[in-house]
Amino acid sequence: EPEVTQTPSHQVTQMGQEVILRCVPISNHLYFYWYRQILGQKVEFLVSFYNNEISEKSEIFDDQFSVERPDGSNFTLKIRSTKLEDSAMYFCASSEPPTDTQYFGPGTRLTVL
Amino acid sequence: KQEVTQIPAALSVPEGENLVLNCSFTDSAIYNLQWFRQDPGKGLTSLLLIQSSQREQTSGRLNASLDKSSGRSTLYIAASQPGDSATYLCAPKDYKLSFGAGTTVTVRA
């Protein structure tokens, strides 16, 4: 069964460093998303992406965040200058009409020291 | 802003009992609602998606109902098994999924 994959599974970085989180969505899907979950808190929407551009973003998704689809299979989330409060599990998801079911990857745990 | 509440926060039942998980949301202008399962430290597994025009959706032992106008959805799990132990998340969708805090279910063997 097709699935969303994410790498790395765990990333440790120093405050102020740039990180890139990678996702491979399900191959025939056209809608892509990033969510995050801070430990013990709700899953929060960050951004949605369609047709090579951001379609929606939350107030969390400020100028330090960016997304890119660099080729036909990968979807990346870049955090330019990480902060302690960026420590969280980051989930990628993809979906395709008409069902619109979002399928999530296993997540990347980001730890900022 | 969509606010999602899930009650109860935790539930412990003996194996074989039926489970009823409740979700309420404040903004009824949604396209659909998804139920997910999350195991500790893991990703989200989609269980069911119910469209805004539907009242019910079934998959195996799972049945989800939706009353959009009153902002409520219920997930029923029949004949629970220890493998059903997990956190169940409700997520209505407008332009994005908005998640509740979940109901953590423990099924005792």
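Conventions we followed
- Chains are numbered independently. Their residues run from 1 in the order of the written sequence.
- Labels are handed out in written order, letters beginning with A for the chains and numbers beginning with 1 for the ligands.
- Given that this is a predicted model, residues contribute local features only at a pLDDT of at least 70 and side-chain atom pairs are listed and counted only at 80 or more, while totals for whole chains, interfaces and linings are drawn from all residues.
- No hydrogens and no water enter the side-chain calculation; it runs on all heavy atoms of the structure.
- Secondary structure is summarised from DSSP: a helix means a run of H or I of at least four residues, a strand means a run of E of at least two, and numbering begins at the N terminus for each.
- Note that the radius of gyration is over C-alpha atoms, with the globule rule given as 2.2 Å times the number of residues to the power 0.38.
- Each residue is assigned to one of three classes by its accessible area relative to the maximum for its type, calculated with a 1.4 Å probe on protein chains only: buried under 20%, partly exposed between the two thresholds, exposed over 50%.
- It only takes one pair of heavy atoms within 4.5 Å for two residues to be counted as in contact.
- As a working definition, buried area equals the accessible area (1.4 Å probe) given up by two parts on being put together, with both sides summed.
- By definition, a salt bridge exists where a carboxyl oxygen of Asp or Glu is found within 4 Å of a side-chain nitrogen of Lys or Arg.
- Side-chain atoms alone can form a polar contact between residues adjacent in sequence; in general such a contact is a pair of N or O atoms within 3.5 Å, and within protein one must be able to donate a hydrogen while the other accepts it.
- Under the convention adopted here, Pro, Cys and the residues Ala, Val, Leu, Ile, Met, Phe, Trp and Tyr are nonpolar, Asp, Glu, Lys and Arg are charged, and Gly plus all remaining residues are polar.
- What makes two strands pair is DSSP finding at least two bridges between them.
- The convention used is that axes are lines fitted to C-alpha atoms, helices contributing only their stretch in contact, and that angles between N-to-C directions extend from 0 to 180 degrees.
- Every residue gets a pLDDT, meaning the predictor's confidence in that residue, from 0 to 100.

What about the overall build of chain B?
If you tally the helices and strands in chain B, you get zero helices and ten strands. The linear arrangement of helices and strands in chain B, starting from the amino end, is β-β-β-β-β-β-β-β-β-β. Computed over the C-alpha atoms, the radius of gyration of chain B is 13 Å, within 12% of the 13 Å expected from 2.2 N^0.38 for a compact globule of 109 residues. Overall, the C-alpha framework of chain B stretches about 40 × 25 × 20 Å when taken along its three principal axes. Counting the 109 residues in chain B, one finds 47% classified as buried. Contacts in chain B between residues at least 24 apart in sequence constitute 52% of all its contacts with a sequence separation of at least 6.

Side note on the interface of chain A and chain B
Each side of the interface is counted separately: chain A has 17 residues, and chain B has 20 residues. Taken together, both faces of the contact between chain A and chain B bury some 1500 Å²; the carbon and sulfur share is 55%. Broken down residue by residue, the surface that chain A buries against chain B is led by Lys42, Val43 and Phe104 of chain A, which jointly contribute 32%. The interface formed by chain A and chain B holds one salt bridge in total. Across the contact surface, chain A and chain B share five residue pairs in polar contact (both at pLDDT 80 or more). Those elements that place two or more of their residues in the side of chain A that touches chain B are strand S4 (31-37), strand S5 (43-50) and strand S9 (88-95) of chain A. Residues of the side of chain A that touches chain B, tallied by class, amount to nine nonpolar, five polar and three charged.

Points about the sheet that holds strand S8 (residues 72-77) of chain B
Residue and element names in this part refer to chain B. Read across the sheet, five strands follow the order S1-S3-S8-S7-S6 without closing on themselves; strand pairing throughout is antiparallel. The open sheet has two free edges, formed respectively by strand S1 (4-7) and strand S6 (56-59), since each of these has just one partner strand. Between one strand and the next, the sheet's axes are offset by a mean angle of 15°, whatever the strand orientation. In terms of strand pairing, strand S3 (residues 19-25) meets S8 through six bridges, oriented antiparallel. In the sheet register, valine 20 faces S8, and the bridge partner there is tyrosine 76.

Focus: the confidence of the model for chain A
Counting all residues, the mean pLDDT for chain A is 95, and 100% of those residues have values of 70 or more. Within chain A, strand S11 (residues 108-112) of chain A carries the highest mean pLDDT (98), whereas strand S6 (residues 53-57) of chain A carries the lowest (95).

Some points on the pattern of salt bridges
Tallied over the full model, the rule gives five salt bridges over all chains. Here lysine 93 of chain B ties to aspartate 100 of chain A by a salt bridge, and the two come within 2.8 Å at their closest N and O atoms. One end of the pair, lysine 93 of chain B, is in strand S9 (residues 86-93); the other, aspartate 100 of chain A, is in the loop between S9 and strand S10 (103-104), on a second chain. Neither lysine 93 of chain B nor aspartate 100 of chain A differs from the other in exposure class; each is buried. We note a salt bridge from arginine 37 of chain B to aspartate 39 of chain B, for which the minimum N-O separation is 3.0 Å. For arginine 37 of chain B, a relative accessible area of 17% corresponds to the buried category.

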